[in-house]
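Residue-level structural notes
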Amino acid sequence: MSSDSHTWNLVFLQLLLEELGHRVTNLGACVPDELLVSECRRIEPDLIVLSSVNGHGYHDGLRVIPALRACPELAATPTVIGGKLGIAGSGDPDRQRSLLAAGYDGVFEEGRSVADFRSFVGALPAPADRALPATPRTLPTASASGVLR
């Protein structure tokens, strides 16, 4: 997401997803919305992951999800958001409901178990247009500043 300049969270997510057998394209910190959308369109990811640690993830996430969902090729791509999504603490059920209603498939707010995220990733179906390859498949993840493919 464009407002989040933190990179350690992106490195952690990349390592976690690679540990789960996926290839990752990490776009880095402070990715403008337009770049996130264009890279996701180019990569055609299996998953987009947005991550935030600055507390503005909720607002940034609400702004960027309509742009991702407006692209026919990304409309059904599983997209999740997580990290520190607000400055008033975590666990706000209204915030989670709002993000899900906006178009996210999962919300993994600070304080939730990494096991929940692992379970979500593990439950993703293999892409319908190709058989599961012998090598790890690529999960596109857009992070507060990165994209996994």
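Quick note: structure is the one above.
My aim in this report is to walk through the structure given alongside it, one point at a time. All of these numbers come straight from a predicted model, not from anything done at the bench.

1. A closer look at the overall build of the protein chain
The helix and strand inventory of the protein chain stands at 5 helices and 3 strands. Reading the helices (α) and strands (β) of the protein chain from amino to carboxyl end gives α-α-β-α-β-α-β-α. Evaluated residue by residue, the protein chain yields a buried proportion of 47% over its 149 residues. A fraction of 76% describes how many contacts in the protein chain between residues 6 or more apart in sequence connect residues 24 or more apart.

2. Notes on the packing of aromatic side chains
Enumeration over the complete set of coordinates arrives at 2 aromatic pairs. Ring centres 5.4 Å apart and planes at 80 degrees place the aromatic pair F108 and F117 in the edge-to-face group. The residues F108 and F117 share a single accessibility class, namely buried. For the ring pair F108 and F120, a centre distance of 5.6 Å and an interplane angle of 70 degrees mean the geometry is edge-to-face. In this pair, F108 sits in strand β3 (residues 106-109) while F120 sits in helix α5 (residues 114-122), placing the two residues 12 residues apart along the sequence. A connected cluster of aromatic rings, assembled from ring pairs, spans F108, F117 and F120.

3. Considering a nonpolar patch on the surface
There is a patch of nonpolar side chains on the surface, built from W8, V11 and L15 and spanning about 370 Å² of accessible area. Here W8 lies in helix α1 (residues 8-19).

4. As for helix α3 (residues 57-69)
Helix length check: α3, at 13 residues, gives a terminal C-alpha distance of 17 Å against a target of 18 Å (1.5 Å per residue), a fit within 8%. At R63, α3 shows its maximal kink, close to 25 degrees; a proline, P66, follows between one and four residues later. Among the residues of α3, those classed as buried are G57, Y58, D60, G61, V64, I65, L68 and R69. In this structure, the buried residues of α3 make contact with α2 (33-43), β1 (48-52), β2 (79-83) and α4 (93-102).

The rules behind these values
- Residues numbered from 1 in each chain as written.
- Predicted model: local features only at pLDDT ≥ 70, side-chain atom pairs only at ≥ 80, totals over all residues.
- Heavy atoms only, no water.
- Helix = DSSP H or I, 4+ residues; strand = E, 2+ residues; numbered from the N terminus.
- Buried < 20%, exposed > 50% of the residue type's maximum accessible area, 1.4 Å probe, protein only.
- Contact = heavy atoms within 4.5 Å.
- Phe/Tyr/Trp six-rings, centres within 6.5 Å; stacked < 30°, edge-to-face > 60°.
- Patch = residues over 30% accessible without salt bridge, like charges linked within 9 Å, V, L, I, M, F, W, Y side chains within 5 Å.
- Areas by Shrake-Rupley, 256 points an atom, 1.4 Å probe, with all protein chains shown as cover.
- Salt bridge = Lys/Arg side-chain N within 4 Å of Asp/Glu carboxyl O.
- Expected span 1.5 Å × (residues − 1).
- Bend = angle between axes of the 7 residues up to and from the residue.

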